[in-house]
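# Analysis of the macromolecular model
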Amino acid sequence: MTANITNRKSNSLDWFDTFWKKQGSNIIPPVLGILGFLLIWQLFSSSGLTKLPGPLSIWTDERTRTLLLYPFYDLGGLDKGLFWQTLASLGRVAQGYSLAALIGISVGILVGTQPLINKALDPLFQFLRMVAPLAWVPIALVALQQNQPAAIFVIFITSVWPILINTAEGVRQIPDDYNNVAKVLQLSRKEYYLNILLPAALPYIFTGLRIAIGLAWLAIIAAEIVMSGIVGIGFFIWDAYQQNYVSEIILAVVYIGTVGLLLDRAVAYLQKVIAPTEQK
Amino acid sequence: MLNQPITSFTTEPTVSSVKTAVKQQPFLTLSGVSKVYPTKKGPYTVLQGINLNVDKGEFICVIGHSGCGKSTLLNMVSGFANPTGGDVLLQGKRITKPGPDRMVVFQNYALLPWRTAFENVYLAVNAVHPRKSQAEKRAIAHDHLAMVGLSEAADKKPPQLSGGMKQRVSIARALAIRPQVLILDEPFGALDAITKEELQEELLKIWNDHRCTVLMITHDIDEALFLADRLVMMTNGPAATIGEVMEIPFARPRDRALIMEDPEYYKLRNYALDFLYNRFAHDDD
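Predicted model only: the values in this text are computed from it and were never measured.

In terms of helices and strands, chain B carries eight helices and ten strands. For 285 residues, the compact-globule estimate of 2.2 N^0.38 gives 19 Å, and the C-alpha radius of gyration of chain B, at 19 Å, lies within 12% of that figure. On the principal axes, the C-alpha backbone points of chain B span a range of 50 × 50 × 40 Å. Counting every position in chain B, which comprises 285 residues, the buried fraction comes to 53%. Of the contacts formed within chain B by residues at least 6 apart in sequence, a portion of 71% connects residues at least 24 apart. Only carbon and sulfur atoms are counted for the fraction: they give 51% of the accessible area of chain B, which is about 12700 Å². Of note, chain B has its 32 positive side-chain charges centred 10 Å away from the centre of its 32 negative side-chain charges.

What follows is the structure, encoded as structure tokens:
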């Protein structure tokens, strides 16, 4: 370090110092872990133990490097950068997931408040939620005839169950005390839903929403792989596999993991803002 | 109280297990009330042969061992439970379901944790007076929080409040809708001794100013003697009933220190203790 550093610089260094002292122990282990994993993977591929290209191939493979460096290119048709592929998939998730949230929460409230309807429908729900997303694809394609609505339906049918079941459970778990307050005050239905039922069930609803966003993202990839000829990161992977561009798949998987993580964090953040868990 | 018989001022603890032949129609009547719950082992009688008349503006405490059906008894007045036999009448009308004219202060406060103290009270005022202007409703809510000394904490949410403060909010919420009958289910049971005494005094002062009819469950004989006009003592379950009703003759407004100096206080206290721990001792105790 030179003797005459400016004030400003020393300030920012101070800031960095305190940050590092506080967060260093949180940053170093995961970085080491990831680097170690990549290193072992690279060694495995370089030594020829596996045919899977190593992580460095993302850079060394020319086609993949182009994809890495130009996520926004758009040559029309299916030939688009990974940003556009991911965005197309995200758009489907947004539609299917919104539909799942809307229907899951409404039906969940219905089932949670009406024991008879719950008895009638619960076995059906328990059965349907065990059906894997991929098994819905052919059904959706036959029923809806087109790729786009079928993909959205697969997202919907995969992610609706945790929302529905958690909402219903949240409604059933509303403490008697709160319901008694509603009864003694003779709250109108609307007042009861807005002031007691929804806020009381909100933590459960968000648990469902959070599980569902992960499932929705898993489902779209699976669904797109089966649906040929659409723009989307899932079909991109399938296409790359057919043409044996394996390092492209690796790059796409990095995109998928990152987006999945961001989606989960986003819902967790919403949960923290809207339904903090300080409630007793 | 106006309709009290003069006998309540004699030195002997007066006890009337069943009050009969009331001249005018009483405010709240329980006649021949029983409650039977079906269980797997057959019907289980919780309460039997309950007869009680309560005058308007009277302060009644109910005491008895746990499991004797005190809560069930009050639930039949609040409307959360319906009697299996007999009638519960408020001003001649049968009680069938809960309503704001019989507001309850719940044992564990039952405040909505996602709403501030003020919003909890406002919710009740708004539900009962939908036609009043917002300004009026807000004023009512604020006045009642001030009455229990919680103006400062109006914008705090229940998790930030102490037990005593929560119970104050709960009382403010109950009183804000001007119930005809105020039902309290062991309201101070979970509070420390000092907070408890403070709240008893506040409740009594508020009751003195507003004179609603109060039914309150308690485990605490001293609390009952300080607050109530009459103390309803329950026998043990199953098939519990009202064992005796003790008149508590101390003049109002009451001063705790003065009452505790009165030899009558200890007579009544010992009488109630004798009832609970000798004549109707609980098996588990």
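Don't stop here, the text continues.
What follows deals with the packing of aromatic side chains. Residues and elements named next belong to chain A. Across all of its chains, the model carries 17 aromatic pairs over all chains by this definition. Seen in terms of ring centroids, Phe83 and Trp84 are 5.0 Å apart; in terms of plane orientation they differ by 80°. Their pairing is edge-to-face. With relative accessibility at 31%, the residue Phe83 sits in the partly exposed group. The rings of Phe72, Phe83 and Trp84 are connected pair by pair, giving a single aromatic cluster. Over the aromatic face of Trp59 sits the side chain of Arg65, whose NZ or CZ is 5.5 Å from the ring centroid.

All names here are of chain B. Of the residues in chain B, 91% have a pLDDT of 70 or more, and the chain-wide mean is 86. Contacts for the low-pLDDT stretch residues 1–22, under 50 throughout, to residues beyond four places or in other chains number 39 contacts. The complex model carries a pTM of 0.79, and its ipTM stands at 0.82.

So, about the pairing of strand β6 (residues 102–105) of chain B. All names here are of chain B. A two-sided burial pattern is seen for β6, the buried positions comprising Arg102 and Val104 on one face and Met103 and Val105 on the other. Across four bridges, β6 lies against strand β7 (residues 181–185) in parallel orientation. Paired with Val105 across the bridge in β7 is Leu184.

Turning next to empty space enclosed by the protein. Residues and elements named next belong to chain B. Applying the stated criterion across every chain yields a total of one cavity of 30 Å³ or more. Of the volumes computed, that of the largest cavity is approximately 40 Å³. Forming the walls of the largest cavity are Leu30, Leu52, Val62, Leu73, Leu74, Val77 and Leu215. Counting residues per element, the lining of the largest cavity draws most heavily on helix α1 (residues 70–78), at three residues. In the lining of the largest cavity, the residues fall into seven nonpolar, no polar and no charged.

So, about the confidence of the model for chain A. Low-confidence regions, as indicated by low pLDDT, have predicted coordinates that should not be scrutinised in detail. Confidence along chain A averages 88 in pLDDT terms, with 95% of residues attaining 70 or more. Per-element confidence in chain A is highest for helix α4 (residues 82–113) of chain A, whose mean pLDDT is 94, and lowest for helix α3 (residues 62–69) of chain A, whose mean pLDDT is 83.

The next thing to look at is the sheet that holds strand β8 (residues 213–217) of chain B. Residue and element names in this part refer to chain B. Ordered in space as β6-β7-β8-β3-β9-β10, the six strands form an open sheet in which the pairing is mixed. Edge positions in the sheet fall to β6 and β10 (242–247), since each has one partner strand and no second. On average, each strand axis in the sheet is tilted by 20° relative to the strand beside it, whichever way the strands run. Bridge count for β7 against β8 is five bridges, and the pairing is parallel. The residue of β8 that forms the bridge with Asp185 is Ile217. Running over the sheet, helix α4 (residues 163–176) touches β6 and β7 and is turned about 175° from β6. Against the sheet, helix α8 (residues 263–279) makes contact with β3 (59–63), β9 (230–234) and β10, and its axis sits at roughly 170° relative to β10, the strand it touches most.

Okay, the packing of helix α8 (residues 176–184) of chain A against helix α9 (residues 189–226) of chain A next. Residue and element names in this part refer to chain A. Contact pair α8 / α9: the axes reach a minimum separation of 11 Å and the direction vectors enclose 180°. Comparing their axes, α9 and α8 come out roughly antiparallel. On α9, the residues touching Tyr178, Asn179 and Ala182 of α8 are Tyr192, Ile196 and Ala200. Looking at the contact of α8 with α9 residue by residue, the classes come out as five nonpolar, one polar and no charged.

Definitions and cut-offs
Residues numbered from 1 in each chain as written. Chains lettered and ligands numbered in written order. Predicted model: local features only at pLDDT ≥ 70, side-chain atom pairs only at ≥ 80, totals over all residues. Heavy atoms only, no water. Helix = DSSP H or I, 4+ residues; strand = E, 2+ residues; numbered from the N terminus. Rg over C-alpha atoms; globule rule 2.2 N^0.38 Å. Buried < 20%, exposed > 50% of the residue type's maximum accessible area, 1.4 Å probe, protein only. Contact = heavy atoms within 4.5 Å. Areas by Shrake-Rupley, 256 points an atom, 1.4 Å probe, with all protein chains shown as cover. Lys, Arg positive; Asp, Glu negative; His and termini not counted. Charge placed at Lys NZ, Arg CZ, Asp CG, Glu CD. Phe/Tyr/Trp six-rings, centres within 6.5 Å; stacked < 30°, edge-to-face > 60°. Lys NZ or Arg CZ within 6 Å of the ring centre and 35° of its normal. pLDDT = per-residue confidence, 0-100. Pairing = 2+ DSSP bridges. 1 Å grid on protein atoms, 1.4 Å probe; cavity = no way out; pocket = protein on both sides within 12 Å on 5 of 7 lines; lining within 4 Å. Points joined across faces, edges and corners; volume = space filled by probe spheres on them. Nonpolar A, V, L, I, M, F, W, Y, C, P; charged D, E, K, R; others polar. Axes fitted to C-alpha atoms, helices over the stretch in contact; angles between N-to-C directions. Parallel < 35°, antiparallel > 145°, perpendicular 65-115°, else oblique.

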